[in-house]
Amino acid sequence: MLREPPITINRTHVQEIVDREEAQFRKRTPRSHQIHERAKSSLPMGVSSSFQAVPPYPLFISRAEGSQIWDLDGNQYTDFHLAFGSLLVGHSHPVLVEALRDQLGKGSLYSLPCADVVYLAEELVRRFAPIEQVRFCNSGTEATMDALRLARAHVGREKIVKIEGSYHGHHDAVLMSTKPYLEDAGPIERPNTVPASKGIPSNFKTNTIIAPYNDAEALDRILTEHEGEVAAVIMEAVIMNVGVILPLEGYLQSVREVTRRHGVLLIFDEVKTGVTVAPGGVTEIYPVEPDLICLAKSIGGGMPIGAFGGREEIMRRINHSEVLHLGTFNGNPMSMRAGLVTLTQIFTPEAHAHANGLSQQLGKEYEAVIEEFDLPMHVARIGAKGCAMFRYERARNYRAWFDIDMDVSYAYWLFLANRGILFPPGFDDQWTVSIQHTQDNIDHHAHVFQQFVRELVR
Ligand SMILES: Cc1ncc(COP(=O)(O)O)c(C=O)c1O
């Protein structure tokens with residue numbers, strides 16, 4: 001239900017907050033600035049992943065523990081960034097530290113199988129309903145790349161469909177229409193394929209077709225137009241590259257029906273949603289069974305990991321004569337031990353409930369403030385993840401991105417950082433609450449948000 005038209009944000013106030021908070025940020029973090037300046041001569045943009053290069057400059061980190069993280073100047077933050085949601089476990093959990101010390105003493109890399117790879121595979125099969133068999137790799141990017149190759153081989157077709165605004169890592173086939181400009185994006189119901197980077201061969205553009213989120217009829221039309229050409233639809237069941245965009249009632253079920261009707265595999269990219277939205281991921285919340293799922297981030301307790309899995313009849317194509325799946329670091333003992341200990345010893349049902357409960361509470365605190373001040377924004381939340389979307393109406397698909405108030409988003413990021421609340425850089429991510437966060441962390445966060453809003457509407 002739509003609320004009454006909200007208040008209008010005063011642009012002068014926003015600019016004042018940005019100017020003041022940016023000056024404050026610079027004053028608090030000179031060592032991050034200094035080393036970033038130095039880094040620019042040895043690293044393009046001064047970082048190793050361009051996601052980290054954000055204004056005014058990236059915070060450089062010295063250490064982290066539990067829910068807390070410290071920058072190079074010694075400023076302390078409660079970490080709601082958590083490595084883009086890779087640390088549902090929080091930082092340096094004592095059980096994990098002990099297990100990894102033990103493993104390090106027994107060797108960090110064999111490139112031969114170890115028993116933990118089997119136990120972790122069995123745990124993923126137990127947790128994630130669509131998985132009968134799984135293969136490990138080292139990142140979300142590898143997981144989606146490998147899953148797509150397997151899908152193409154299984155179905156015997158070359159094209160894939162990807163949802164506009166979703167991010168599936170940085171390999172060529174999916175680095176398309178992740179955040180296209182409006183003037184390039186094309187019609188909403190039949191978006192253009194817009195490469196997000198130079199250097200991608202043009203045939204990738206031909207082979208990746210873009211569909212809008214939350215519109216199964218549009219997907220049906222696209223698959224009809226390309227009947228017999230598409231191997232798989234890859235999607236985030238809940239989009240987490242544009243804040244958080246939830247599926248409309250029945251949408252995922254319709255996607256399942258449409259893909260099945262066209263003989264196309266359905267791949268859920270659960271790199272972000274994995275264990276964070278529910279112990280068994282999105283398919284525990286929405287009763288839809290994809291053919292393959294991709295995992296990474298929080299399943300590894302903070303060590304580099306990726307995995308993809310699905311029905312045995314598809315996965316068995318990974319063999320010496322059909323689909324190659326390789327990697328020196330695949331199933332390495334450090335990541336396997338970290339994943340296994342995290343999933344089987346640390347992520348108890350109570351631990352999941354703790355993180356989800358705190359995140360839900362944070363969402364409610366935000367909502368109460370938004371309502372009290374009649375702000376043009378809303379909260380989107382699922383499991384241990386959520387965010388404030390600086391946009392009045394609930395987002396339905398990527399095109400909502402164009403009405404997000406970027407100035408307010410930047411003011412918010414700075415304001416929170418200066419008061420010890422760390423969010424992911426960029427405004428397209430969301431908070432993650434770890435199992436080590438406390439009630440005090442949530443109370444402090446909610447209080448700072450309220451302070452920010454008071455400033456905004458004064
Ligand atoms: C949904 C999704 N898929 C894939 C990836 C790529 O994962 P990685 O950065 O581990 O390569 C990401 C990264 O943020 C992601 O959010």
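Residues numbered from 1 in each chain as written. Predicted model: local features only at pLDDT ≥ 70, side-chain atom pairs only at ≥ 80, totals over all residues. Heavy atoms only, no water.

## As for the site of the ligand
Here's step 1: The immediate surroundings of the ligand are formed by Ser139, Gly140, Thr141, Tyr167, His168, Gly169, Glu236, Asp269, Val271, Lys272 and Lys297.
Here's step 2: The contact in question runs from a nitrogen atom of the ligand to an N or O atom on the backbone of Tyr167, over 3.3 Å.
Here's step 3: Isolated, the ligand exposes 390 Å² of accessible area, and the fraction of that covered by the protein chains is 84%. (Near = heavy atom within 4 Å. Polar contact = N/O pair within 3.5 Å; in protein donor to acceptor, adjacent residues only side chain to side chain. Areas by Shrake-Rupley, 256 points an atom, 1.4 Å probe, with all protein chains shown as cover.)

## Some remarks on the side chain of Ser409
Here's step 1: Mapped onto the fold, Ser409 is located in helix 16 (residues 406-418).
Here's step 2: Looking at Ser409, the relative accessible area reads 4%, which means it is buried.
Here's step 3: Ignoring anything within four residues of it in the chain, the contact list for Ser409 reads Phe390, Ile404 and Phe427. (Helix = DSSP H or I, 4+ residues; strand = E, 2+ residues; numbered from the N terminus. Buried < 20%, exposed > 50% of the residue type's maximum accessible area, 1.4 Å probe, protein only. Contact = heavy atoms within 4.5 Å.)

## So, the side chain of Glu270
Here's step 1: Inspection of the secondary structure puts Glu270 in the loop between strand 8 (265-269) and helix 11 (274-277).
Here's step 2: Side-chain polar atoms of Glu270 contact the backbone nitrogen of Val282, separated by 2.9 Å.
Here's step 3: Contacts of Glu270, omitting those with residues within four sequence positions, involve Phe128, Gly280, Gly281, Val282, Thr283, Ile293, Cys294 and Leu295.

## Some details on the domain arrangement of the chain
Many structure descriptions define interface size as the accessible area lost when the parts assemble.
Here's step 1: Domain boundaries assigned for the chain yield domain 1 (11-79 + 349-457) and domain 2 (94-346).
Here's step 2: Placing the centre of domain 1 and that of domain 2 at their C-alpha centroids yields a distance of 27 Å.
Here's step 3: At the interface, 24 residues of domain 1 touch 33 residues of domain 2.
Here's step 4: Roughly 2500 Å² of surface becomes buried between domain 1 and domain 2 when both sides are summed, with 63% attributable to carbon and sulfur atoms.
Here's step 5: Area buried by domain 1 at its contact with domain 2 is led by Ile382, Tyr398 and Arg399, which between them contribute 30% of it.
Here's step 6: At the surface where domain 1 touches domain 2, the tally comes to three salt bridges.
Here's step 7: Between Lys179 and Asp428 there is a salt bridge; the shortest N-O distance is 2.5 Å.
Here's step 8: The interface formed by domain 1 and domain 2 includes 13 residue pairs in polar contact (both at pLDDT 80 or more).
Here's step 9: Elements that contribute at least two residues to the side of domain 1 that touches domain 2 include exactly helix 15 (349-373), strand 11 (378-382) and strand 12 (385-389).
Here's step 10: Counted by class, the side of domain 1 that touches domain 2 contains 12 nonpolar, six polar and six charged residues. (Domains from an automatic or database assignment. Buried area = accessible area lost by both parts, 1.4 Å probe. Salt bridge = Lys/Arg side-chain N within 4 Å of Asp/Glu carboxyl O. Nonpolar A, V, L, I, M, F, W, Y, C, P; charged D, E, K, R; others polar.)

## Some remarks on the sheet that holds strand 12
Here's step 1: Taken in spatial order, the three strands make up an open sheet running 11-12-14, and their pairing is antiparallel. The open sheet has two edge strands with one neighbour each: strand 11 and strand 14 (431-432).
Here's step 2: Pairing of strand 11 with strand 12, which is carried by five bridges, proceeds in the antiparallel orientation. Within strand 12, the residue paired with Val379 across the bridge is Ala388.
Here's step 3: Against the sheet, helix 15 contacts strand 11, strand 12 and strand 14, and its axis sits at roughly 170 degrees relative to strand 11. (Pairing = 2+ DSSP bridges. Axes fitted to C-alpha atoms, helices over the stretch in contact; angles between N-to-C directions.)

## Re the packing of aromatic side chains
Here's step 1: A full pass over the atoms with the stated rule returns 13 aromatic pairs.
Here's step 2: A centroid spacing of 5.9 Å and a plane angle of 55 degrees characterise the contact between Phe51 and Phe84, whose relative ring orientation is tilted. Residue Phe51 is located in the loop between helix 2 (30-42) and strand 1 (61-65), and its partner Phe84 is located in helix 3 (residues 82-85); the two are separated by 33 residues in the primary sequence.
Here's step 3: For Phe84, a relative accessible area of 17% corresponds to the buried category.
Here's step 4: Residues Phe51 and Tyr167 carry aromatic rings whose centres are separated by 5.3 Å and whose planes lie at 80 degrees to one another, so their mutual orientation is edge-to-face. Taken together, the positions of Phe51 in the loop between helix 2 and strand 1 and Tyr167 in the loop between strand 5 (159-163) and helix 7 (182-185) put the pair 116 residues apart, joining distant regions of the chain. (Phe/Tyr/Trp six-rings, centres within 6.5 Å; stacked < 30°, edge-to-face > 60°.)

## Some details on helix 16
Note that an α-helix has 3.6 residues per turn; residues three or four places apart therefore point the same way.
Here's step 1: Between the first and last C-alpha of helix 16 there are 18 Å, a value that for 13 residues agrees with the 18 Å anticipated at 1.5 Å per step.
Here's step 2: Burial in helix 16 covers these residues: Val408, Ser409, Tyr410, Ala411, Tyr412, Trp413, Leu414, Phe415, Leu416, Ala417 and Asn418.
Here's step 3: Remark: Gly420 follows helix 16 within two positions and exhibits a positive phi of approximately 85 degrees. (Expected span 1.5 Å × (residues − 1).)

## Comments concerning the packing of helix 1 (residues 11-28) against helix 17 (residues 439-457)
Geometrically, a packed helix pair is captured by the angle between its two axes and the distance between the axes.
Here's step 1: Put simply, helix 1 and helix 17 touch, their axes get as near as 8 Å, and they point 130 degrees apart. Taken together, helix 1 and helix 17 sit at an angle that is classed as oblique. Contacts between helix 1 and helix 17 pair His13, Val14, Ile17 and Arg20 from the former with Phe452, Glu455 and Leu456 from the latter. (Parallel < 35°, antiparallel > 145°, perpendicular 65-115°, else oblique.)

## Section: helix 15
Here's step 1: Taking 1.5 Å per residue as the helical rise, helix 15 with its 25 residues ought to reach 36 Å, and the 36 Å between its terminal C-alpha atoms agrees with that figure.
Here's step 2: Within the span of helix 15, buried status applies to Ala351, His352, Ala355, Leu358, Ser359, Leu362, Gly363, Tyr366, Val369, Ile370 and Phe373.
Here's step 3: At the exit of helix 15 stands Asp374, carrying a positive phi of roughly 50 degrees.

## Section: unusual backbone geometry
Here's step 1: In this model, Pro55 is joined to Pro56 through a cis peptide bond whose omega is -5 degrees.
Here's step 2: Mapped onto the secondary structure, Pro56 falls in the loop between helix 2 and strand 1.
Here's step 3: Of note, Asn214 is a non-glycine position whose phi angle comes to about 60 degrees, a positive value.
Here's step 4: As for its position among the elements, Asn214 is in the loop between strand 6 (208-211) and helix 9 (216-225).
Here's step 5: A positive phi is found at Lys297, a non-glycine position, where the angle reads about 40 degrees.
Here's step 6: Note on placement: Lys297 falls in the loop between strand 9 (292-296) and strand 10 (306-310).

## Comments concerning the packing of helix 9 against helix 10 (residues 251-261)
Here's step 1: Contact geometry of helix 9 with helix 10 gives a least axis separation of 9 Å together with a crossing angle of 15 degrees. Relative to helix 10, the element helix 9 is oriented roughly parallel. Helix-helix and strand crossings are classified by hand; for helix 9 and helix 10 the assignment is right-handed. On helix 10, the residues that touch Ala216, Leu219, Asp220 and Leu223 of helix 9 are Tyr251, Ser254, Val255, Val258, Thr259 and Arg261. (Left-handed = near helix turned anticlockwise from the far one by under 90°.)

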